[in-house]
Amino acid sequence: MCAVERPILTSIFELFKPGPGPSSSHTIGPMSAGLDFRALLESLPEAELGRGVRLTVRLLGSLSATGKGHGTDRAVLTGLLGYAPASCPAHLPAGVFSMPERDRLLRLSAPVPPLGPENVIFDRVEHTHPFSNTLICSLLDAQDAPVLERVYYSVGGGFIQWEGWSAPERGKPPYPFDSAETLCCLAEEKGLSLPSILMANEMALSGKSRVEVMEGLDMLIEVMRRAVDRGSRAEGLLPGELKVYRKAARLAGRADRMDDPLNRFLGLLNAYAFAVAEENAAGGIIVTAPTCGSAGVMAAMLTIMEGYLGFGPEAVRGGLMVAAAVGFLAKRHAGIAGAEVGCQGEVGVASAMAAAMLAQARGYAPAVVFNAAEIALEHHLGLTCDPVGGYVQIPCIERNAMGALKAYNACLVAAAEETDKHRVSLDQAIRAMGETGQDMNAKYKETSQGGLAASVDC
Ligand code: SF4
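Reading the values: the criteria
- Residues numbered from 1 in each chain as written.
- Predicted model: local features only at pLDDT ≥ 70, side-chain atom pairs only at ≥ 80, totals over all residues.
- Heavy atoms only, no water.
- Domains from an automatic or database assignment.
- Contact = heavy atoms within 4.5 Å.
- Buried area = accessible area lost by both parts, 1.4 Å probe.
- Salt bridge = Lys/Arg side-chain N within 4 Å of Asp/Glu carboxyl O.
- Helix = DSSP H or I, 4+ residues; strand = E, 2+ residues; numbered from the N terminus.
- Nonpolar A, V, L, I, M, F, W, Y, C, P; charged D, E, K, R; others polar.
- Expected span 1.5 Å × (residues − 1).
- Buried < 20%, exposed > 50% of the residue type's maximum accessible area, 1.4 Å probe, protein only.
- Pairing = 2+ DSSP bridges.
- 1 Å grid on protein atoms, 1.4 Å probe; cavity = no way out; pocket = protein on both sides within 12 Å on 5 of 7 lines; lining within 4 Å.
- Points joined across faces, edges and corners; volume = space filled by probe spheres on them.
- Disulfide = S-S within 2.5 Å.
- Axes fitted to C-alpha atoms, helices over the stretch in contact; angles between N-to-C directions.

1. Quick look at the domain arrangement of the chain
What the domain assignment reports for the chain is domain 1 (20-156) and domain 2 (171-455). The straight-line distance from the C-alpha centre of domain 1 to that of domain 2 is 29 Å. Each partner contributes residues to the interface: domain 1 has 22 residues there, and domain 2 has 25 residues. At the boundary of domain 1 with domain 2, total buried surface from both sides reaches about 1,700 Å², with 59% on carbon and sulfur atoms. Across the contact surface, domain 1 and domain 2 share zero salt bridges. Of all the secondary structure elements, the ones that give two or more residues to the side of domain 1 that touches domain 2 are α2 (24-43), α4 (62-70) and β5 (146-156). With five residues, α4 is the largest single contributor of residues to the side of domain 1 that touches domain 2. Split into classes, the residues belonging to the side of domain 1 that touches domain 2 amount to nine nonpolar, 13 polar and no charged.

2. Section: helix α10 (residues 261-281)
Helical periodicity: at 3.6 residues per turn, an α-helix aligns residues three or four positions apart in one direction. For α10, with 21 residues, the first-to-last C-alpha span of 30 Å sits near the 30 Å given by 1.5 Å per residue. Counted residue by residue, α10 has 16 buried out of 21 residues, so it is predominantly covered. Positive backbone phi, at 85 degrees, marks Gly-283, one or two positions downstream of α10.

3. Things to note about the pairing of strand β4 (residues 134-140)
Counting buried residues along β4, seven of its seven residues qualify, which places the element largely inside the surrounding structure. Along β4, one buried face is formed by Thr-134, Ile-136, Ser-138 and Leu-140 and the opposite face, lined by Leu-135, Cys-137 and Leu-139, is buried too. Here strand β2 (residues 54-60) runs beside β4; their pairing, made up of seven bridges, is antiparallel. Counted as the bridge partner of Arg-58 is Ile-136 from β4. Taken together, β4 and the strand that follows it, β5, pair antiparallel across an intervening segment of five residues, in which Asp-144 is found at a positive phi of about 65 degrees.

4. Thoughts on the layout of surface pockets
Counted as a void, the largest pocket has a volume near 1,000 Å³. In terms of lining residues, the largest pocket is bounded by 34 residues, among which Val-155, Phe-159, Gln-161, Trp-165 and Lys-331 are the most central. Secondary-structure elements contributing two or more residues to the lining of the largest pocket are α1 (12-15), α2, β6 (159-162), α12 (313-333), α13 (338-341) and α17 (426-439). In terms of residue count, the dominant contributor to the lining of the largest pocket is α12 (four residues). Tallied by class, residues from the lining of the largest pocket come to 17 nonpolar, nine polar and eight charged. When its volume is computed, the second largest pocket comes out at roughly 350 Å³. Lining the second largest pocket we find 21 residues, and of these Pro-22, Gly-69, Gly-71, Ala-94 and Pro-239 sit closest to its centre. If one sorts the elements of the lining of the second largest pocket by residue count, α4 sits on top with three residues. Shared between two domains, the lining of the second largest pocket takes at least three residues from each, and those domains are domain 1 (20-156) and domain 2 (171-455).

5. What about the state of the cysteines?
Counting across every chain of the model gives one disulfide. Through a disulfide, Cys-2 is tied to Cys-185; the S-S separation comes to 2.0 Å. Taking the sign of the S-S torsion, about -80 degrees here, the bridge from Cys-2 to Cys-185 comes out left-handed. Of this pair, Cys-2 sits in the segment before α1 while Cys-185 sits in helix α6 (residues 180-190), placing them 183 residues apart in sequence. By relative accessible area, Cys-2 is classed as buried at 11%.

6. Overview of the sheet that holds β5
Spatially, β3-β2-β4-β5-β6 is the arrangement adopted by the five strands of the open sheet, whose pairing is mixed. In the strand order of this sheet, the two ends are held by β3 (120-122) and β6, each with one partner. Going across the sheet, the axis of each strand differs from the next one's by a mean of 25 degrees, ignoring polarity.

7. Re the pattern of salt bridges
Working definition: two side chains of opposite charge can pair if their charged atoms are close together. Tallied over the entire structure, the rule returns 19 salt bridges. The closest approach of N and O atoms between Arg-54 and Asp-144, which form a salt bridge, is 3.1 Å. Of the two residues, Arg-54 sits in strand β2 while Asp-144 sits in the loop between β4 and β5, which places them 90 residues apart along the sequence. A residue is classified by how much of its surface remains accessible, and Asp-144, at 46% relative accessible area, is partly exposed.

8. Looking at unusual backbone geometry
Here the bond from Ala-289 into Pro-290 is cis, since omega is -5 degrees, no more than 30 degrees from zero. Mapped onto the fold, Pro-290 is located in the loop between β7 (285-287) and α11 (295-307). A cis amide bond links Ile-394 with the next residue in sequence, Pro-395, at an omega value of 5 degrees. Along the polypeptide, Pro-395 turns up in the loop between α15 (366-378) and α16 (396-416). Despite not being glycine, Asp-144 has its phi angle at roughly 65 degrees, a positive value. Even without glycine at this site, Lys-243 takes up a positive phi of about 60 degrees. Position of Lys-243 among the secondary structure elements: in the loop between α8 (210-233) and α9 (248-256). Since its relative accessible area comes to 56%, Lys-243 is described here as exposed.

Take a look at the structure:
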């Protein structure tokens, strides 16, 4: 029996979400919080709503420390105006403050003025809420007393919770798991492949049919491909004060001209990762994998698998599902937000997911798949999050390319090993990441107060 105490109930489509960059926890999460608060406002009786004269959003913790560079203020207002991350036009959040006043009205019966930068308060970095990325949305009356208030937590990967939140009711997965070990045990005991297990669970959890799940996966793959394509052609400077110029197009052009197949392969993998990470930095639409800041790793691996290594749709879909399982485990047992555990939880986990995706697509046994993920994660342990100036650019963009290369190498090493001689399990590496993240000084958890952020002038 593959015993499980608390099965993972996250859907693949909650982990992988299309949305605008640059940050899942600082952009997509706050936008979702704004949208949720708008729904709460819409559910208020007219008389109550009519008492509200001012709307405020207080940003705390890492959202306050790096929210300006991440566009958190713009993202939360975009959500309050009724835009959802998955359907929001690319680059709309970046320009929300310059929209005409009539387009910044709540259009509810609360007599609040058009939304703008004055609605957002960059509050305390140190606080006592359970998650660093905390934001408090309030509708205030004429005496500044809250008519309605909700404390939100952006817990990484674009997921949000709030004070008093409880997990939504879900269907029961037929193959419950909460570790890589239980997944391997299930695969052996039931004689099923990892993608078959994850497909059955996804259908039960989300209520989608097999065809709908496959269509959903294909949609995610298409968004990733488009981000690679856009980013590989775009040139010029990225937004913000750092004056970082886009390099993906140059890297792709150079790789295309290379005769040596190894250099060409590495050059293309770099170019694809840069392309998506640069699109993300520019506020373009990417897929969280597991986060915005690390979205280039999986998209690069997927593109190289399809375009260079010749994998077909079935192998890619199966790999994507297995990558999701690695993301679920990291989220459950450690964290996937830079503000909670550092960059090991973002690029480190993305690298582990990409290694698992490739190993699965190559048809390796579950033990090899998870060993590949473990090797990729192990060599990101301790990686800090120190974005210069609060922009998801330095070190984030190059770091995506390094994460993709490590993922490829991790798969090579895992495939060459005798699986039963591999000494560290993925579950152990994830636990180590969680403990390391807990002990990590707050300076290195997306506050831009330490590391490169402190040593590089903006
Ligand atoms: S350093 Fe890593 S965790 Fe931090 S913002 Fe950049 S990609 Fe995200």
